[in-house]
Amino acid sequence: MTTELEIGLYIFMLAGFLGYHLITRVPPLLHTPLMSATNAIAAISLVGSLVVCGSDYSNVRYGWICATLGFLAVTCSTTNAVGGFLITDRMLGMFRTSAEKRETGSNFRWGLIAVGVVSLAAIVYAIVWKRRHAGHAGVGAHALQFSYIISAAMFILGLKGLSSPKWARRGMQLAACGMLLAVLGTLFDEKIVSFTLIIIGFVVGSIVGGGMGLQIPMTAVPQRTALSHSLGALAACLVGIAEFVRYEDMHAPRLVALDFEVIVGALTFTGSLIAAAKLQELLPGRPITYKGQNFLSIVVLAIVATIGVYLVVSQRASPLFYLMVFLALVFGLLLVVPIGAADMPTVIALLNSYGGLADASMGFVLMNKIQIITGSLDGTSGFLLALLMCRAMNRSAANVLFGAFGKVESEDEAAKAAAAKGTVRSISHEEAAVLFENARSVIIVPGYGMAVAQAQHAVAELADILREQGADVKYAIHPVAGRMPGHMNVLLAEANVPYDQLHEMEEVNPSFPEADIALVVGANDVTNPAAKSNKASPLYGMPILEVDRAKSIIVLKRSMRPGFAGVDNDLYYNEKCMMLFGDAKQSITKLIGEMKALI
Ligand code: NAP
């Protein structure tokens, strides 16, 4: 083993441990920004892409292919970096306490313009300097080394910032500066001799990423994150292919890393595209299963692995490499198509982890330490987040990947079972308004239905009215309410609800017995008492919000249809429970109207 490889492996391992400690300190409140932040940091594939794009290929057969692949990789990675940091910043800007809300507006727009101008000036300066001092390799190498060391520290401190909403935004801005510094340092790399394609890639990526980062609504964060993973993974795969086309200095360890980079990059690319398409409802959200599905996937994976081993053992530039890449792309499709849309957040977190590993492999191929560090951090973060989600749902990762959970048929069956089960009390808006008028303590339990109805602003308005009437209002947040980790936190932050009013499950559960009303807004599974009492229920063992212990319960939903798990909710048959049927936003708007009429 070469010393460089040995050092690389140590760095990979240590960064993984560090990542574990940093990520476990991130509160559930910030899990969605964390996903988006690690995704932005994973755009470090940009540094490797720059080298491949700007290298001298005059003596390389098919060198133009390498330059073109490098250019595409620069464009994809720039899109990822710009879009990822912008949307993370927008999201974190919404997390404020009641006191911070009262402070005057943000300087975000001016800050953004200033960062843009400084970045542009620094990049132009680096390119001009490089052209004038083409022979000064020593200075360039030092600039590169120091920029990487400092940017690694900035990434780590940036992730550390996510341990509290107070520091999270500044932390991520620091990480964005770290990315800029790493890119600037790379421009001094002596291997980069041509800048034309690099500049075009920067411009195109910044326009696309900037548009995505500034325009995409918060509700579309999961699909944007998936799309972003696909771009990052594509960049890693393209760089790997370019390195193979060049086929220089290919010893066994480098070939192992290269195989890993293109295989994981390719399957993450297609898998993430399918995930994004399912979340955007371009593809049916239900699990698409067929006979022999697992067998086919295993056969394809086995062929991919066999070709990979053959390439390492033979150490030849065999065209089988391209078959391996193609089959890895197919495997990504086979892996994600059978999984239902509702499980996509967990899949996205896993794909995030794969993307990180592809980045780290690229770091081993190019012997680039900053890529090894960030790839390892990203890999650990995605993996941990996926495990946390599985634990909060009381399901195994294997069940998520291969269980085809949440089939539509089961929802219909459960709806029939619900109809046969017993009495459900419904309530009118007028009656609900009277109950709220007399309530002194209300706990609001938001769920996926609030996201579907886009009811967060109406919910916040109702809470404000209740507070004005002297009631104590709390929001109870289940870690897997909605369809992505921290989904409810992001929506309520968007509706200007200060995060100090949001209470995590363990903290708020003891307050339910004192609550006059528990208002359930489109939440279902996360309130189902069967999770505690019915061993036969698929939800058994999942920690829930103990809404059934409140003095009275009002549930806003459209019908008796079940939620994600496809099981009937015992809560609705509780004698304290009243159903206010209808779209959550419309129901709350009417309720507010009735309450105002009573004043
Ligand atoms: P849920 O159990 O899926 O229930 C959502 C409810 O919202 C449905 O019963 C639906 O009933 C109602 N609804 C839909 N549209 C509505 C509208 N316009 N107005 C009012 N109600 C509406 O959601 P949850 O309680 O939030 O639980 C989340 C589930 O997703 C859990 O099972 C969790 O394990 C799973 N999950 C979460 C994540 C994550 O990261 N958060 C990831 C993967 C899976 P109607 O159709 O009758 O209106």
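Our structure's up above, just so we're on the same page.
This text gives an overview of the structure that appears in the document.

Parameters at a glance
Residues numbered from 1 in each chain as written. Predicted model: local features only at pLDDT ≥ 70, side-chain atom pairs only at ≥ 80, totals over all residues. Heavy atoms only, no water. Helix = DSSP H or I, 4+ residues; strand = E, 2+ residues; numbered from the N terminus. Contact = heavy atoms within 4.5 Å. Patch = residues over 30% accessible without salt bridge, like charges linked within 9 Å, V, L, I, M, F, W, Y side chains within 5 Å. Areas by Shrake-Rupley, 256 points an atom, 1.4 Å probe, with all protein chains shown as cover. Salt bridge = Lys/Arg side-chain N within 4 Å of Asp/Glu carboxyl O. Buried < 20%, exposed > 50% of the residue type's maximum accessible area, 1.4 Å probe, protein only. Polar contact = N/O pair within 3.5 Å; in protein donor to acceptor, adjacent residues only side chain to side chain. Near = heavy atom within 4 Å. Pairing = 2+ DSSP bridges. Axes fitted to C-alpha atoms, helices over the stretch in contact; angles between N-to-C directions.

Looking at unusual backbone geometry
(1) Moving on: Despite not being glycine, glutamate 281 shows a phi value in the positive range, around 60 degrees.
(2) Moving on: Here glutamate 281 is to be found in the loop between helix H11 (252-279) and helix H12 (293-314).

Quick notes on the environment of valine 264
(1) Moving on: Its place among the elements puts valine 264 in helix H11.
(2) Moving on: Expressed as a C-alpha distance, the spacing of valine 264 and alanine 358, which sit 94 residues apart in the sequence, is 5.7 Å.
(3) Moving on: Ignoring sequence-local partners within four residues, the contact set of valine 264 consists of Tyr354 and Ala358.

Brief notes about a nonpolar patch on the surface
(1) Moving on: On the surface, a cluster of nonpolar side chains totalling about 470 Å² of accessible area is made up of Tyr10, Met13, Leu14 and Phe17.
(2) Moving on: With respect to the helices and strands, phenylalanine 17 occurs in helix H1 (residues 3-24).
(3) Moving on: Classification of phenylalanine 17 as exposed rests on a relative accessible area of 55%.

Notes on the side chain of glutamine 501
(1) Moving on: One can find glutamine 501 in the loop between helix H21 (487-494) and strand E3 (502-504).
(2) Moving on: Separated by 3.0 Å, the side chains of glutamine 501 and arginine 467 make a polar contact.

What to know about the site of the ligand
(1) Moving on: Taken together, 31 residues sit near the ligand, with Gly482, Asn524, Asp525, Arg558 and Ser559 positioned nearest.
(2) Moving on: Protein chains bury 97% of the 920 Å² of accessible surface belonging to the ligand in isolation.
(3) Moving on: Looking at the shell around the ligand, the elements with two or more residues in it are helix H15 (369-393), helix H19 (448-453) and strand E5 (552-557).
(4) Moving on: Among the elements that make up the shell around the ligand, the one with the highest residue count is H19 (four residues).

Some remarks on the sheet that holds E3
(1) Moving on: Strand order in this open sheet of six strands is E3-E2-E1-E4-E5-E6, and the pairing throughout is parallel. Each of the sheet's edge strands pairs with one partner strand only, and the pair in question is E3 and strand E6 (577-581). Put simply, the sheet's adjacent strands are angled 25 degrees from each other on average, direction ignored.
(2) Moving on: Both strand E4 (residues 517-521) and E5 contribute to a ladder of five bridges, which runs parallel. By the bridge assignment for E5, valine 520 is matched with valine 555.
(3) Moving on: Helix-sheet contacts for helix H20 (residues 456-468) involve strand E1 (441-446), strand E2 (472-477) and E4, and the interaxial angle to E2 is about 150 degrees.
(4) Moving on: Most of the contacts of H21 go to E2, to which it runs at about 140 degrees, and overall it touches E1, E2 and E3.

Some remarks on the environment of serine 318
(1) Moving on: Along the chain, serine 318 turns up in the loop between H12 and helix H13 (320-336).
(2) Moving on: On the basis of relative accessible area, serine 318 is assigned to the buried category, the value being 5%.
(3) Moving on: Sequence separation between serine 318 and phenylalanine 244 is 74 residues, and the spatial gap between their C-alpha atoms is 9.6 Å.
(4) Moving on: A distance of 3.0 Å separates a polar side-chain atom of serine 318 from the backbone nitrogen of leucine 320.

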